[in-house]
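Residues per chain, in single letters:
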Amino acid sequence: MLLVLVADSCVIRIRGVVSGSNDKAIIMIMTHRLIEVMFRVLPTQELVNGDNDKAIITTHSLALPGVTMQSHIIVSKYYCPTLEQETVEDVLKKILVNDLSEEDKSLLEDIIEILHRPEYVSENSIQYASPTRTTLDCVICRSAFRTAIQGLKAGQTEEELTNVISTLCITLGIAGYGVCKGAVSLNIPIISYIVKNEPQATAEAFCGFVLQNVGNPNNCPFDDQRFEWEVTLPAPPAVEAVPVFETKPLTIAIITDAHLDPLYEAFGVADCDEPVCCRIGQRPASNYIYKSHIDESVVAESLTNVSGEIKLNLNVAPKIRELRKKSQTRFSKRHTAPAGYWGDYRNCDSPIWAFDDVIDRIAETHKNIDVLYYIGDTIDHGVWETSYELINDMNRYLIEKIRKTFGDEVQVIPVLGNHESQPTNQFAPSRVIGDHLNTTWLYEGLVDKWGFYLTEDSKRTLLERGEFSQLVRPGLRVIVLNNNVAYRYNWWLVYDPLDAKKHLDWLVEELYKAEIAGEKVHILAHIPPGVHDLTYTWTREYNKIVNRFTNTIAAEFNGHTHSDEFKVFYNQQGTPINVAWGGGSATSYTFYNLNYKIATINTRTFEPLNIVNYAYNLTEANLTPNRRPHWFQLYDMKNTFGLTDLSAVSMNDLVYKMVTTNKEYLEKYAAFYSKLSDTRWPNCNINCKLDNLCKIVVTVLWERQRCEELRQLYSVS
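Only a predicted model underlies this, so the values are computations on that prediction, with no experimental measurement involved.

### A few points about the state of the cysteines
Here comes step 1: Summed over all chains, the structure comprises 7 disulfides.
Here comes step 2: Here Cys-169 engages in a disulfide with Cys-180; their sulfurs sit 1.9 Å apart. The disulfide joining Cys-169 to Cys-180 has a torsion of about -70° about its S-S bond and is therefore left-handed. With a gap of 11 residues between them, Cys-169 in helix H6 (residues 158-171) and Cys-180 in helix H7 (residues 177-197) connect regions that are remote in the sequence. An identical accessibility class is assigned to Cys-169 and Cys-180; each is buried.
Here comes step 3: Here Cys-694 connects covalently by a disulfide to Cys-707, the sulfurs 2.0 Å from one another.

Put into structure tokens, the structure is as follows:
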């Protein structure tokens, strides 16, 4: 007799002999055995045979009055509704070696239904994902990385891995064909090197950083003690140094994030089928918009937590499959507006002529500029098709345009952004020297391009680590810190976690030398502290450094976010001690207006006396492509917000006024955050405004107590 019982789609085949006339008793026995098998509580079972796919269990005779049964129970793990992550990885490994059975293929279809993303991956889709989507992304990421790691260790070629991972990327809806193929091809050689040369490189670490979330430390978490390190801080000198300064006025122009796109096509396709648009040769997006009709509760059903282990519930796959069929709503041609001449609010980088206008406008309008800080990110966001030639050309163009416009009398201090490397975001330790692996090629190129502005000592450290320290005038030292090494998308973090520590150790050395010499310091670093883009350990240790050298650090300047913001640092007693100023962006990428800033500096303390921001409205500028944009003063920090000065105490007071006595300041800050963007500013609700405010007071990742305090104060005042 063969009887198949089904419970929750987990098929248990029971073969055996059953005798007796009590039908109810027979069903009771078999149901009992089925439940025992499903919950793995068969105290009398004996494993008599098995392989990777199934276990054959012999049970002892069972009896009830009038009924006897002797049976073999065959349990195939592929029929169970809850699928362990190991099984997902087993299937992916079979794809790698082209060894999928028909049963595997059927299973794979269900896995893909559950894991398939509702939209292409973007920064917002990761940061604002639901807990269920976050967990599914973690499963995808870990499974893909484990498959790649095991494949490399088993002798799979980089080409084979590239083909499989690219296919998964496309099939799971992570990105389109060109983006998946290009990005994977560029990054696989680095991942391959790391896996082959660092035994402790794990899928958990890779994915923990990629999916790192600003508000949740348990977002795809991992435990790797290699990342738990601390910097050593020297004691303050016994005798305080006499400050050095000169009284000549000091005015600094601040520019960041140019993101030059040599392929920008004015009046081209701004609504395309790639992550970055407005580029020559792109196609318009498809004539339908994918709108998911799959409720979050249905997706949540696809996950089960068994004793802390996440499993996929394949029962839900048919339901998701049916709902997904209803999720494509087709429209006639979209008729979206073409790309603007001076840039575009949509996902477009800067045309070179728009950057030229920024530089020309500063030189024409502000005749008293002494120093120019450029805080990095010269290269566009087409991360799947960058090249060494493109990067070299754009880096050279930017610095030559600045020097030609301002002449040799204006000191320029350039900073390295995360987009300058090849592939994007990858900054290898200096001991890594292989072709298509090292970052030395970039540092060598920048020494050549930036050399006019650098001392010999600065050239040496730039060549070694991508950072440098030098005096810009008596009493003021600028330290350019390469914190891209601690960026969460830098695979080399997993290879050598202590490489990032070396950069902070160097920062401590330079600050200590400045302290002894009586100098004040401006720190320039591309990525601001406290955001999800830097590792927790880095932000914690950097915060310690700022606390220790708060009397030496006169100001900090960052870029990267494209938004206009600032950050306040606090000591252990909660006293505000320092301010980091965001530069905004000279690109409109992700819905911003372009801007630059002019800072006037106190020549005794070297703290900013005032910072004035200038911008233009992109909508207005694009109405007249034959005329240069109309720049205007966006705000004067000191006077617009009624400040006596720009000290950390004053900026902290302003933040608390925004949620208590002067909520109109919160409205102003929200407007200036996007530089009066026509697309961002009107769509920023109160939660958005408070989120932006929270970024000011969080300088250590995940330490959000002040953020919650601000929210509470707003709600009760």
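### Section: the environment of Leu-463
Here comes step 1: Its place among the elements puts Leu-463 in helix H14 (residues 456-465).
Here comes step 2: For Leu-463 and Leu-446, which are 17 residues apart along the polypeptide, the C-alpha to C-alpha distance reads 8.1 Å.
Here comes step 3: Setting aside residues up to four positions removed in sequence, Leu-463 forms contacts with Tyr-443, Glu-444 and Val-447.

### Thoughts on the pattern of salt bridges
Here comes step 1: The final tally for this structure, using the stated rule, is 45 salt bridges.
Here comes step 2: For Arg-540, the salt bridge goes to Glu-228, with nearest N and O atoms at 2.9 Å. A residue pair is termed long-range when its members are at least 10 positions apart, and Arg-540 in helix H17 (residues 536-548) and Glu-228 in the loop between helix H8 (203-210) and strand S8 (250-255) qualify at 312 residues.
Here comes step 3: The exposure class of Arg-540 is buried, given its relative accessible area of 13%.

### Re the nonpolar core
Here comes step 1: If you look at the biggest cluster of nonpolar residues, it comprises 189 residues, and the most contacted ones within it are Tyr-373, Phe-566, Met-637, Met-651 and Leu-693.
Here comes step 2: Element by element, the count of residues in this core is highest for helix H5 (residues 131-153), at 10 residues.
Here comes step 3: Mapped onto the domain boundaries, this core takes at least three residues apiece from domain 2 (85-223) and domain 3 (250-264 + 344-636).
Here comes step 4: Residue contacts for Met-651: discarding those within four places in its chain leaves Phe-566, Val-568, Val-579, Trp-581, Met-637, Leu-643 and Leu-646.
Here comes step 5: By size, the runner-up hydrophobic cluster in this structure holds 8 residues, among which are Tyr-264, Ala-266, Cys-277 and Ala-339.

### Some remarks on the sheet that holds strand S16 (residues 476-481)
Here comes step 1: Read from one edge of the open sheet, 6 strands run S15-S16-S17-S18-S20-S19, paired in mixed fashion. At either end of the open sheet lies a strand with only one pairing partner, and these are strand S15 (468-473) and strand S19 (566-570). Across the sheet, the mean angle from the axis of one strand to that of its neighbour is 25°, orientation sign disregarded.
Here comes step 2: Examined bridge by bridge, S19 and strand S20 (residues 576-582) share 5 bridges and lie antiparallel to one another. Note that in S20 the partner of Tyr-570 across the bridge is Pro-576.
Here comes step 3: The strands touched by helix H20 (residues 648-658) within the sheet are S19 and S20, with S20 carrying the most contacts at an inclination of about 75°.

### Remarks on the UniProt feature "binding site: Zn(2+) 1" (unreviewed entry) in the protein chain
Here comes step 1: Residues annotated in UniProt with the feature "binding site: Zn(2+) 1" (unreviewed entry) correspond here to Asp-257, His-259, Asp-377 and His-562. In three dimensions, the annotated residues from a span of 306 residues occupy one location, with a maximal C-alpha spread of 10.5 Å.
Here comes step 2: Structurally, His-259 can be placed in the loop between S8 and strand S9 (288-290).
Here comes step 3: Among all residues touching His-259, those that are not within four sequence positions of it are Asp-349, Ser-350, Asp-377, Thr-378, Ile-379, Asp-380, His-381, His-419, His-562 and Thr-587.
Here comes step 4: Within polar-contact distance, the side chain of His-259 engages the side chain of Asp-257 at 3.3 Å.
Here comes step 5: Within the element layout of this structure, Asp-377 appears in the loop between strand S13 (371-374) and helix H12 (388-406).
Here comes step 6: Owing to a relative accessible area of 1%, Asp-377 belongs among the buried residues under this scheme.
Here comes step 7: For Asp-377, the residues in contact, after removing those within four places along its chain, are Asp-257, Ala-258, His-259, Gly-417, Asn-418, His-419, Glu-420, His-526 and His-560.

### Overview of the sheet that holds strand S23 (residues 632-636)
Here comes step 1: Within the open sheet, the 6 strands sit side by side as S14-S13-S8-S21-S22-S23. Their pairing is mixed. Strands with a single pairing partner mark the edges of an open sheet, and in this sheet they are strand S14 (411-414) and S23. When the angles between neighbouring strand axes are averaged without regard to direction, this sheet yields 25°.
Here comes step 2: Bridging between strand S21 (residues 595-601) and strand S22 (residues 608-615) involves 7 bridges; their strand directions are antiparallel. In the sheet register, Thr-600 faces S22, and the bridge partner there is Asn-610.

### Overview of the environment of Gly-173
Here comes step 1: Looking at the element boundaries, Gly-173 is found in the loop between H6 and H7.
Here comes step 2: According to the relative accessible area criterion, Gly-173 is buried, its value standing at 6%.
Here comes step 3: Placed 56 residues apart in sequence, Gly-173 and Arg-117 show a C-alpha to C-alpha distance of 5.2 Å.
Here comes step 4: Filtering out sequence-adjacent residues up to four positions away, Gly-173 remains in contact with His-116, Arg-117, Glu-119 and Tyr-120.

### Examining the pairing of strand S17 (residues 520-525)
Here comes step 1: For S17, the tally of buried residues reaches 5 of 6 residues, placing the bulk of the element in the interior.
Here comes step 2: Of the pairings in the sheet, the one linking S16 to S17 comprises 6 bridges and is parallel in character. Bridge assignment links Ile-479 to a residue of S17, and that residue is Ile-523.
Here comes step 3: Here 4 bridges tie S17 to strand S18 (residues 553-558), and the two strands are oriented parallel to one another. Within S18, the residue paired with Val-521 across the bridge is Ile-553.
Here comes step 4: Once you follow S17 into H17 and on to S18, the crossover reads as right-handed.

Conventions used here
Residues numbered from 1 in each chain as written. Predicted model: local features only at pLDDT ≥ 70, side-chain atom pairs only at ≥ 80, totals over all residues. Heavy atoms only, no water. Disulfide = S-S within 2.5 Å. Helix = DSSP H or I, 4+ residues; strand = E, 2+ residues; numbered from the N terminus. Buried < 20%, exposed > 50% of the residue type's maximum accessible area, 1.4 Å probe, protein only. Contact = heavy atoms within 4.5 Å. Salt bridge = Lys/Arg side-chain N within 4 Å of Asp/Glu carboxyl O. Core = buried A, V, L, I, M, F, W, Y, C linked by side-chain atoms within 4.5 Å. Domains from an automatic or database assignment. Pairing = 2+ DSSP bridges. Axes fitted to C-alpha atoms, helices over the stretch in contact; angles between N-to-C directions. UniProt positions renumbered as here; feature names shortened; annotations may be inferred. Polar contact = N/O pair within 3.5 Å; in protein donor to acceptor, adjacent residues only side chain to side chain. Right-handed = clockwise from strand over helix to strand, strands pointing away.

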